[in-house]
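Notes for the structure review
So the chains spell out like this:
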Amino acid sequence: MSTAASLRGIARQLDDPASQGRAVDELLAERSEPPALLALGEPTHGIEVFPALRNELLGHLVHRGYRSIVLETDVFAASLVDDYVRGATADLDAVLATGFSHGFGAVPGNRELVQWLRAHNAGRAPRDRVRFHGFDAPVESSGAPSPRRALSGVRDHLPVALRPESASDLDALCGDDADWTNPAAMYDPAASIGGSDRVRALRVVADDLASALRRAAPALRPPDPAGHARAVAHARTAQGLLRYHAAMASTAPGRIATLLGLRAEMMADNLLAILDEEQRRGPSLVFAHNGHLQRATSHLSLGEEEVSWGSAGAIVALTLGERYVFLATDAAPDSDPGTLQGVLAEATTRRALFPAPALRAALPPSICAGEPIVPGHVPLTPADLEGADAVVFVADTDGKRHRYW
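A few points on the structure. (Residues numbered from 1 in each chain as written. Predicted model: local features only at pLDDT ≥ 70, side-chain atom pairs only at ≥ 80, totals over all residues. Heavy atoms only, no water.)

With respect to the overall build of the protein
- A tally of regular secondary structure across the protein gives 15 helices and ten strands.
- Whereas a compact globule of 405 residues would reach a radius of gyration of roughly 22 Å, the protein reaches 22 Å, a difference of no more than 12%.
- In terms of overall dimensions, the protein has C-alpha extents of about 70 × 55 × 40 Å along its principal axes.
- Evaluated residue by residue, the protein yields a buried proportion of 53% over its 405 residues.
- In the protein, once contacts between residues fewer than 6 apart in sequence are set aside, the share between residues at least 24 apart is 78%.
- Accessible surface, the protein as shown: approximately 17,600 Å² in total, 53% of it carbon and sulfur. (Helix = DSSP H or I, 4+ residues; strand = E, 2+ residues; numbered from the N terminus. Rg over C-alpha atoms; globule rule 2.2 N^0.38 Å. Buried < 20%, exposed > 50% of the residue type's maximum accessible area, 1.4 Å probe, protein only. Contact = heavy atoms within 4.5 Å. Areas by Shrake-Rupley, 256 points an atom, 1.4 Å probe, with all protein chains shown as cover.)

With respect to the nonpolar core
- Leu38, Ile69, Phe100, Val114, Leu117, Phe132 and Leu285 are the most contacted members of the largest nonpolar core, which has 44 residues in total.
- It is helix 3 (residues 49-62) that contributes the most residues to this core, seven residues altogether.
- Ignoring anything within four residues of it in the chain, the contact list for Phe132 reads Ile69, Leu71, Thr73, Ala78, Val81, Asp82, Val85, Phe100, Leu113 and Leu117.
- Counting residues in each nonpolar core, the second largest holds 36 residues, with Phe135, Val316, Ala328 and Leu340 among its members. (Core = buried A, V, L, I, M, F, W, Y, C linked by side-chain atoms within 4.5 Å.)

A few points about the sheet that holds strand 1 (residues 12-13)
- Taken in spatial order, the eight strands make up an open sheet running 1-9-10-8-2-5-3-4, and their pairing is mixed. Each edge of the open sheet carries a strand with a single partner, namely strand 1 and strand 4 (131-136).
- The pairing of strand 1 with strand 9 (residues 351-355) spans two bridges and is classified as antiparallel. Counted as the bridge partner of Arg12 is Leu353 from strand 9.
- Together, strand 3 (68-74) and strand 4 form the strand contacts of helix 6 (residues 110-121), whose direction differs from that of strand 3 by roughly 140 degrees. (Pairing = 2+ DSSP bridges. Axes fitted to C-alpha atoms, helices over the stretch in contact; angles between N-to-C directions.)

Brief notes about the pattern of salt bridges
- Under the definition given, this model contains 25 salt bridges.
- With a shortest N-O distance of 3.9 Å, Glu26 and Arg12 are connected by a salt bridge. A residue pair is termed long-range when its members are at least 10 positions apart, and Glu26 in helix 2 (residues 17-29) and Arg12 in strand 1 qualify at 14 residues.
- Taken together, the shared-partner salt bridges connect Asp82, Asp83, Arg86, Arg131 and Glu277 into one network. (Salt bridge = Lys/Arg side-chain N within 4 Å of Asp/Glu carboxyl O.)

Brief notes about helix 7 (residues 148-157)
- Of the residues making up helix 7, those classed as buried are Ala150, Leu151, Ser152, Val154, Arg155 and His157.
- Structurally, helix 7 contributes buried residues whose contacts are with helix 8 (170-174), helix 9 (197-220) and helix 10 (225-248).

Examining the packing of helix 7 against helix 9
- Interaxial distance between helix 7 and helix 9 falls to 9 Å at its minimum, and their mutual angle equals 35 degrees. Regarding helix 7 and helix 9, the two cross each other, and that crossing is left-handed. Across the interface between the two elements, Leu151, Val154, Arg155 and His157 of helix 7 pack against Leu202, Ala206, Leu209, Leu213 and Leu220 of helix 9.
- Among the residues forming the contact of helix 7 with helix 9, the class breakdown is seven nonpolar, one polar and one charged. (Left-handed = near helix turned anticlockwise from the far one by under 90°. Nonpolar A, V, L, I, M, F, W, Y, C, P; charged D, E, K, R; others polar.)

Details of unusual backbone geometry
- For His102, which is not a glycine, the phi torsion comes out positive at approximately 65 degrees.
- Here His102 shows up in the loop between helix 5 (92-98) and helix 6.
- On the basis of relative accessibility, which here comes to 19%, the residue His102 falls in the buried class.
- Here Asp334, not a glycine, exhibits a phi torsion of approximately 60 degrees, which is positive.

Section: the pairing of strand 2 (residues 37-42)
- Where burial is concerned, most of strand 2 is hidden: six out of the six residues are buried.
- By the alternation rule, side chains of strand 2 split into Leu37, Ala39 and Gly41 and Leu38, Leu40 and Glu42, which are all buried.
- By the bridge criterion, six bridges tie strand 2 to strand 5 (residues 284-289) in an arrangement that is parallel. Bridging across to strand 5, Leu38 finds its partner in Leu285.
- In this sheet, strand 8 (residues 324-331) lies alongside strand 2 in parallel orientation, the contact comprising four bridges. Bridge assignment links Leu37 to a residue of strand 8, and that residue is Tyr324.

Overview of the packing of aromatic side chains
- Applying the stated criterion to the full structure yields three aromatic pairs.
- Taking the centre distance of 5.5 Å and the plane angle of 70 degrees together, the rings of Phe100 and Phe132 count as edge-to-face. With a gap of 32 residues between them, Phe100 in the loop between helix 5 and helix 6 and Phe132 in strand 4 connect regions that are remote in the sequence.
- Phe100 gets classed as buried once you look at its relative accessible area, which sits at 5%.
- In textbook terms, an aromatic cluster arises when at least three aromatic residues are bridged by ring pairs, as seen for Phe104, Tyr404 and Trp405.
- Directly above the ring of Tyr84 sits Arg118, whose terminal nitrogen or CZ lies 4.2 Å from the centroid. (Phe/Tyr/Trp six-rings, centres within 6.5 Å; stacked < 30°, edge-to-face > 60°. Lys NZ or Arg CZ within 6 Å of the ring centre and 35° of its normal.)

Overview of the environment of Cys174
- Inspection of the secondary structure assignment puts Cys174 in helix 8.
- Its relative accessible area of 0% is what places Cys174 among the buried residues.
- Not counting chain neighbours up to four residues away, the residues in contact with Cys174 comprise Ser146, Arg148, Leu151, Trp180, Arg198 and Leu202.

Remarks on the environment of Arg118
- Examined against the element boundaries, Arg118 turns out to sit in helix 6.
- In the structure, Arg118 is positioned 31 residues away from Gly87 in sequence and 6.6 Å away in space, judged by C-alpha atoms.

Brief notes about the packing of helix 10 against helix 11 (residues 255-278)
- The contact between helix 10 and helix 11 brings their axes to 9 Å, and the two run at 175 degrees. In terms of orientation, helix 10 and helix 11 fall into the roughly antiparallel class. Each of Arg236, Gly240, Leu241, Arg243, Tyr244, Ala247 and Met248 in helix 10 lies in contact with helix 11, whose residues at this interface are Arg255, Thr258, Leu259, Leu262, Arg263, Glu265, Met266, Asp269, Asn270 and Ala273.
- When grouped by side-chain class, the residues that make up the contact of helix 10 with helix 11 number eight nonpolar, three polar and six charged. (Parallel < 35°, antiparallel > 145°, perpendicular 65-115°, else oblique.)

If you want it as structure tokens, here you go:
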């Protein structure tokens, strides 16, 4: 029997939203514990079919009790989208432009998602509304911002009597925000502010503020739970950003891997905080790049250097165990028939879900990954299957990426 024939035997064809819902229900029913977080990946950003698949899946999951969606966008910017989908008066175009980081407001499917959430939530009680969250750290490929906003957010939330003495010089220590955003610092440690005495002092400030916030929580949280949650997110972010800046100034080997790992750590901490906030209302769907959500170690080739780090999904899975489920996705029009993508395409009519254990068992040891379909596309490899519970392969796409940046 050919590999493709074997794969057709284990594939759950997703020919329409109904069959897609049944396949996911069956997969989740096999877990020893109900999932708290269902993670849906994509192999690159900007290809229309993957956000469309996410939107269809969310519509199904809401009927199964899911009450939030989490995207790979800045944790603070996302609050603007959440306010809008819960009924706040705002201009949709402005929400898409400012409520998504990385330019993702222009990604196909995100406008439709926001519109659907707002319409769905209209007239519903708060416990039944579907909330919108971001879990990304406020960093970009060009660097990281000043921690001023995050540190100030914690300081200003605390009553004056509870503010640590170390925070009294906060504005002077932060200095000019331009000191933090020098794009040369991403590639040249000497251009980073991260090794300065100011940053070392601010790391003490961040720790003191986080401790003061924890100690003040019993008095602050009951009257203002939303404000306290924002302050906790600011404290978490301030500490992460300062670690990130310090790593940017490091000349030690593995600098890029450390930066990628620190971003993943911040993403994982944000995800776990969102789950803690949402646990009484229902499970969550998170959508991001496969590399952020897989359980396996992430890898990236930078010229002759191969870097690896623990992904956000790998970190979260250590806490959630069976309550974390990851569906990887891929697509590859005109795949080489001898590649993983080629045999998956041959076994797929439109879209198909392949349980990862059965898929691994059916593949020949010699099979390899296909070529990227667009710059930035990261094709799934056989090794990646170790970090997934299932693979959704999409055959009905031309693979073209919409420019969103």
